[in-house]
Amino acid sequence: MTLKLFTLLLQAAIATVGISLVSIAIGFAIAILLSAAALSRKPIYFLPARLFISFFRGVPLLVQLLLIYTLLPVIGINVPSIVAAIVGLSLCTAAYQAENLRGGFESVPIGLIEAAEVTGLNPRQTFFRIRVPIAMRLTFPALVNEAIMILKSSSLVSVVGIIELTKMAQDLASSTYLPIPIFASAALIYLVINSVVSLVGRFAERSLGGASA
Amino acid sequence: MLKRYFLKAALGAALFAGAAISAPMAAHAADDALARIKAAGVMKVGTETAFAPFDFIDAGDHVGLNVDFFAELGKDLGVKIEWVALPWDGVFPALEAGKFDFVAGPATITKARLERFKMTAPIAEATVAILKKAGDKTITKPEDIAGKAVGSGKATAQFAQLQEYSKTLPKPVEAREYVSFNDAYADLAAGRIVAVANSLPNIAYVAKQRNGAFEVVTPAFGKKSYFGFIGKKDEDSKTLVDYVNSEVIKMKKDGRLGKMQEKWFGTTFDTPDEVKEPAF
């Protein structure tokens, strides 16, 4: 196990972190819209949202990635590997995050919403200034959890041609015949990344003012 | 209430997606696959990077006969080569989905593949043989694998050959499929299987690399076969396939291919210019 091999693993880890963070962010934006739609009483909003959530939670991420990579070109959408990877991870995490957020939205006390309306906030202001911040605060630990899940799931994107940490470790292990130090290093790198994510999460949680509504 | 904002956002997202899709569509305007590659200045080649010595990662660098061959081809054609590395069972679906222009692989030229794809002139021999652990006295000839656990690569012609050979033995072998041949070699080293069935150039290279650990069992048991590169069969890819094919012949004639074989296999192969009737 030389410094060169470790450097290669670290470079691949940058791909892992980059793809995961971008996907978590995009997924979060989609999740807010999805959870809002899922909470709607009108079928035209909640039906597509429920369908989306059940598909992306019900189909293995590996299959989703392969579908996005090889099925979409059939209908004329040919995306490069990196886009397929980010789209796959984003849509999958969006479904999970939407369910977390829905739980959060449903836990916002109705009295607070009524109070907001009484003080003259319009529905949009009530949504973005009252409901979203409270729901976020309530679901923040679950969001950090999801971020860690996606960081680990990103090891699957090598099936669409992305060289990330796991794939690099496999390639190096098979060419150097040093599987144990290489996979141990990869495990250590994942552990460090996820520890940082969970530390940042805990810090952010504290500055958000805890989980009290 | 908030639904109106949801609708607006959804509309925006749809527009954005539409714009992202239409960009690559515009590139399809040129004549055919070869013309588009020339216009773009880039040829995309799909491959699996776990097939030493044709295609593998050597301490982080993508190397092998494929890399050398397509580097020469890129020079001749005046384009850059862009590699897309996938697991082998994902390579052909991705070629059909248009993710890249050509497949390096290489793949054994078989009847089934010729029905679906176009294959170039052979670049090396592909006849299948057995790799065993060095000093394993229980296997001295191919038929000794009868009734034992033998590994090969998933979705490979080598695996098909192993299964076919197994039927001719007194006791069928316990054939195990691996995502890549590298995983099979690892299990051979770990003693979970007693042999790996793969093409001679590959296992000869592995035996040499891991000096002392593995041995090739001769003679080869498979039918005589060859490795070629793979392109699409449609009209759009015709000139491209013809071009890559002419490059194989050209490099064979001017000695560049021979040098590559010498470099990666330590020997040269006498290959035909065309395989019309594969053995299987």
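Everything below is about the structure shown above.
What you see is a predicted model; the values in this text were computed from it and never measured. (Residues numbered from 1 in each chain as written. Chains lettered and ligands numbered in written order. Predicted model: local features only at pLDDT ≥ 70, side-chain atom pairs only at ≥ 80, totals over all residues. Heavy atoms only, no water.)

**Re the pattern of salt bridges**
The final tally for this structure, using the stated rule, is 24 salt bridges over all chains. Residue E99(A) pairs with R50(A) through a salt bridge whose shortest N-O separation is 3.3 Å. Taken together, the positions of E99(A) in helix 4 (residues 81-106) and R50(A) in helix 2 (residues 43-58) put the pair 49 residues apart, joining distant regions of the chain. On the accessibility criterion, R50(A) (28% relative accessible area) is partly exposed. K238(B) serves as the salt-bridge partner of D242(B), at 3.2 Å between the closest nitrogen and oxygen. Pair noted here: D242(B) and K238(B) are both in helix 9 (residues 238-253), with a separation of four residues, about one helical turn. Judged by its relative accessible area of 40%, D242(B) falls in the partly exposed class. (Salt bridge = Lys/Arg side-chain N within 4 Å of Asp/Glu carboxyl O. Helix = DSSP H or I, 4+ residues; strand = E, 2+ residues; numbered from the N terminus. Buried < 20%, exposed > 50% of the residue type's maximum accessible area, 1.4 Å probe, protein only.)

**Details of unusual backbone geometry**
Residue and element names in this part refer to chain B. Of the consecutive residues A52 and P53, the connecting peptide bond is found in the cis state with omega at 0°. Relative to the elements of secondary structure, P53 occurs in the loop between strand 2 (50-51) and strand 3 (55-58). Phi at A59 is positive, roughly 45°, even though this residue is not glycine. Inspection of the secondary structure puts A59 in the loop between strand 3 and strand 4 (61-63).

**Quick look at the side chain of S199(B)**
Residues and elements named next belong to chain B. Summarising the element assignment, S199 is placed in strand 12 (residues 195-199). Under the relative-accessibility criterion, S199 is labelled buried at 0%. Separated by 2.6 Å, the side chain of S199 and the backbone oxygen of A126 make a polar contact. The contacts of S199, once residues within four sequence positions are left out, are A126, T127, V128, Q158 and F227. (Polar contact = N/O pair within 3.5 Å; in protein donor to acceptor, adjacent residues only side chain to side chain. Contact = heavy atoms within 4.5 Å.)

**Considering the sheet that holds strand 10 (residues 149-153) of chain B**
All names here are of chain B. With mixed pairing, five strands are arranged side by side in an open sheet as 11-10-12-9-13. At either margin of the open sheet sits one strand with a lone partner, and together these are strand 11 (174-178) and strand 13 (214-217). Pairs of neighbouring strands in the sheet enclose a mean axial angle of 35°, with direction left out of account. Note that strand 10 and strand 12 share two bridges and pair parallel. Paired with G151 across the bridge in strand 12 is V196. Across the sheet, helix 7 (residues 181-190) touches strand 9 (128-133), strand 10, strand 11, strand 12 and strand 13, and the angle it forms with strand 12 is around 150°. Sitting on the sheet, helix 8 (residues 200-209) touches strand 9, strand 12 and strand 13, and the angle it makes with strand 12 is about 125°. (Pairing = 2+ DSSP bridges. Axes fitted to C-alpha atoms, helices over the stretch in contact; angles between N-to-C directions.)

**Points about the interface of chain A and chain B**
Contacts between chain A and chain B engage 31 residues on the former and 29 residues on the latter. Of the roughly 2600 Å² buried between chain A and chain B, counting both surfaces, carbon and sulfur atoms make up 67%. A per-residue breakdown of the area chain A buries against chain B is headed by Y45(A), N78(A) and Y177(A), which together make up 21% of the total. Counting across the chain A and chain B interface gives one salt bridge. The salt bridge involving K4(A) is made with D61(B); its shortest N-O contact spans 3.8 Å. Secondary structure elements with two or more residues in the side of chain A that touches chain B: helix 1 (3-39), helix 3 (61-70), helix 6 (123-153) and helix 7 (165-176) of chain A. (Buried area = accessible area lost by both parts, 1.4 Å probe.)

**Notes on the packing of aromatic side chains**
All chains considered together, the criterion is met by 20 aromatic pairs over all chains. Between F105(A) and F127(A), the aromatic rings sit 5.6 Å apart at their centres with planes inclined by 20°, giving stacked as the arrangement. One end of the pair, F105(A), is in helix 4; the other, F127(A), is in helix 6, with 22 residues separating them in the sequence. Each member of the pair, F105(A) together with F127(A), is buried. Members of the aromatic cluster, joined through ring pairs, are F51(B), F54(B), F181(B), Y185(B), F227(B), F265(B) and F269(B). (Phe/Tyr/Trp six-rings, centres within 6.5 Å; stacked < 30°, edge-to-face > 60°.)

**Here's the deal with helix 2 (residues 33-40) of chain B**
In an α-helix, one turn spans 3.6 residues; hence positions three or four apart end up facing the same way. All names here are of chain B. By the burial criterion, the buried members of helix 2 are A33, L34 and I37. Viewed along the axis of helix 2, the buried residues span an arc of 100°, placing them on a single side of the element. Elements that come into contact with the buried residues of helix 2 comprise strand 1 (42-47), helix 3 (65-77) and helix 9. Immediately downstream of helix 2, the backbone of G41 shows phi near 75°, a positive value. (Arc of directions from axis to C-beta.)

**Re the pairing of strand 14 (residues 226-231) of chain B**
All names here are of chain B. Counting buried positions over the six residues of strand 14 gives six, a clear majority of the element. Summarising the sheet, strand 6 (residues 102-108) and strand 14 pair through three bridges and their orientation is antiparallel. Each bridged residue has a counterpart across the sheet, and for V103 the counterpart in strand 14 is I230. In this structure, strand 7 (residues 118-119) lies alongside strand 14, joined through two bridges in antiparallel fashion. Paired with M119 across the bridge in strand 14 is I230. Across two bridges, strand 8 (residues 124-125) lies against strand 14 in antiparallel orientation. Residue pairing for strand 14: A124 is matched across the bridge by F227.

**Details of the sheet that holds strand 2 of chain B**
All names here are of chain B. Ordered by their spatial adjacency, three strands build an open sheet running 2-3-4, and the pairing between neighbours is antiparallel. The open sheet is flanked by strand 2 and strand 4, the only strands paired with a single partner. Across two bridges, strand 2 lies against strand 3 in antiparallel orientation. Bridged to F51 within strand 3 is D55.

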